[in-house]
Amino acid sequence: MLNELKGFKQIIGESPQMLKVYNLIDRVADSDSTVLIRGDSGTGKELVARTIHNSSPRASKPFVPVNCGAIPKDLIESELFGHEKGAFTGAISTRAGRFELANGGTIFLDEIGELHPSLQVKLLRVVQEREFERVGGCKTISVDVRILAATNRNLETSIAEGTFREDLFYRLSVIPIYVPSLKNRLNDIEVLMNYFIEKYCKKKGRPMMEIASDVKECLCCYSWPGNVRELENLVERLSILVEGDTITIDDLPDHLKSDSLKSVTTLPSTKLTPESVTLPIEGIDLHSFINEIELSLINQALKTSAGVKSKAASLLGLNRTTFIEKLKKFSH
Ligand SMILES: Nc1ncnc2c1ncn2[C@@H]1O[C@H](COP(=O)(O)OP(=O)(O)OP(=O)(O)O)[C@@H](O)[C@H]1O
Ligand SMILES: [Mg+2]
């Protein structure tokens, strides 16, 4: 697999969408270009940022993350750029900011969409010139820092609303990387499950758990609003709560079962229209998405018909031979 070849084994997933991400990481790692990592919450944006740093010539230098959404507005400037002694009440000694700490390495500006507009203009200068002054200082400090940023916000909307500077956006997104949501790469769910099962079973010192086949189906019908983080948390919980050696449908939390049930029961209704599928901001891989929809519908038809192929075929408006051909296609 490309992720193993490139030495970033900690990112799991073999879907075409993730292969695209690995390819981009590989192509940007060697350069000093600024990268904007986008994607929904829990998709692995920080993991991608760390992987870019670890695969870059700066790997032996610091990787300094800053969560722009978690630091109060009054403190963020000093946090990023440092301050001189006496610059404000409480500044009892001179302190280096995160940009100085990252010198020679990489700074990761997480949740960049939350950065207050007054700081955005100061950041713009650093992105352009790699120069700044500490709060209360007049000496200009130059640094050699690679900048990576991440957001789960739609920055285009923030620009339209006037809360994010367009010039900063273009400076940051020299190379955008979209990390796809889990619901758009259903065939990664099982590999991720197995990876986390191994991780948590080892940690808890228990034998590996198997996954019952109806559990797999249920997981593929769920929408995963918390993405990989939610899946990881689920497996950690299961590694504590499941007593036998197999995860069964009864072990799954109710919201997960009811969500998947909903999608199965609404399917035959007329509600399923092309308009109900919306194009995500990062775009999709049409071919693999259509394949995933096809596979998911085939699995659901098989489930509803209790495995009777002719019945499943008629639920999909196919004749039995075409249905079996499709099954063969997906078993490769
Ligand atoms: N492809 C993946 N393979 C293995 N682990 C993953 C993968 N994607 C995410 N994870 C794990 O899921 C958790 C969430 O990932 P991460 O913190 O990178 O997400 P994020 O996109 O930064 O989320 P947020 O927007 O909420 O900050 C982490 O524990 C991370 O290691
Ligand atoms: Mg994050």
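Provided above is the structure to which this section pertains.
Since this is a predicted model, take the numbers as computed values, not measurements. (Residues numbered from 1 in each chain as written. Chains lettered and ligands numbered in written order. Predicted model: local features only at pLDDT ≥ 70, side-chain atom pairs only at ≥ 80, totals over all residues. Heavy atoms only, no water.)

A.B. asks: I'd love a proper account of the environment of Lys-202, names of residues and values included.
C.D. replies: Within the element layout of this structure, Lys-202 appears in helix 9 (residues 189-204). A sequence separation of 16 residues divides Lys-202 from Leu-186, and the C-alpha atoms of the two residues are 25 Å apart. Ignoring sequence-local partners within four residues, the contact set of Lys-202 consists of Ile-197 and Met-208. (Helix = DSSP H or I, 4+ residues; strand = E, 2+ residues; numbered from the N terminus. Contact = heavy atoms within 4.5 Å.)

A.B. asks: Describe the site of ligand 1, and please don't skip the residues or the numbers.
C.D. replies: Lining the immediate environment of ligand 1, one finds 18 residues, of which Ile-12, Ser-41, Gly-42, Lys-45 and Arg-229 sit closest. Ile-12 places a polar main-chain atom, nitrogen or oxygen, 2.9 Å from a nitrogen atom of ligand 1. Within the side chain of Arg-229, a nitrogen or oxygen atom sits 2.9 Å from an oxygen atom of ligand 1. Taken by itself ligand 1 offers 640 Å² of open surface, and the protein chains cover 83% of this. (Near = heavy atom within 4 Å. Polar contact = N/O pair within 3.5 Å; in protein donor to acceptor, adjacent residues only side chain to side chain. Areas by Shrake-Rupley, 256 points an atom, 1.4 Å probe, with all protein chains shown as cover.)

A.B. asks: How would you explain the nonpolar core if you had to name every residue and give the values?
C.D. replies: Across soluble globular proteins, you tend to see nonpolar side chains buried next to one another. In this structure, Phe-99, Leu-109 and Ile-112 are the most contacted members of the largest nonpolar core, which totals 31 residues. Put simply, the parts of the chain that give this core at least two residues each are strand 2 (63-67), helix 4 (73-81), strand 3 (106-110), helix 6 (117-129), strand 6 (146-151), helix 7 (155-161) and helix 8 (166-172). It is helix 6 that contributes the most residues to this core, 5 residues altogether. (Core = buried A, V, L, I, M, F, W, Y, C linked by side-chain atoms within 4.5 Å. Buried < 20%, exposed > 50% of the residue type's maximum accessible area, 1.4 Å probe, protein only.)

A.B. asks: Talk me through the pairing of strand 7 (residues 175-178); I want residue IDs and the actual numbers.
C.D. replies: On strand 7, burial follows the alternation: Ile-175 and Ile-177 on one face are buried, whereas Pro-176 and Tyr-178 on the facing-out side are not. When strand 1 (residues 35-38) meets strand 7, the two strands line up parallel, connected through 4 bridges. Bridge pairing in strand 7 places Leu-36 opposite Pro-176. (Pairing = 2+ DSSP bridges.)

A.B. asks: Can you lay out the sheet that holds strand 2 for me, pointing to particular residues and giving the numbers?
C.D. replies: Strand order across the open sheet formed by 5 strands is 2-3-6-1-7, with parallel pairing between neighbours. If you trace the sheet from one side to the other, it starts and ends with strand 2 and strand 7, each paired once. On average, adjacent strands in this sheet sit at an angle of 20° to one another, irrespective of strand direction. (Axes fitted to C-alpha atoms, helices over the stretch in contact; angles between N-to-C directions.)

A.B. asks: Talk me through a nonpolar patch on the surface; I want residue IDs and the actual numbers.
C.D. replies: Residues Leu-279, Ile-284, Leu-286 and Ile-290 make up a contiguous nonpolar surface patch of about 390 Å² in total accessible area. In this fold, Ile-290 is placed in helix 13 (residues 286-304). For Ile-290, a relative accessible area of 44% gives the class partly exposed. (Patch = residues over 30% accessible without salt bridge, like charges linked within 9 Å, V, L, I, M, F, W, Y side chains within 5 Å. Salt bridge = Lys/Arg side-chain N within 4 Å of Asp/Glu carboxyl O.)

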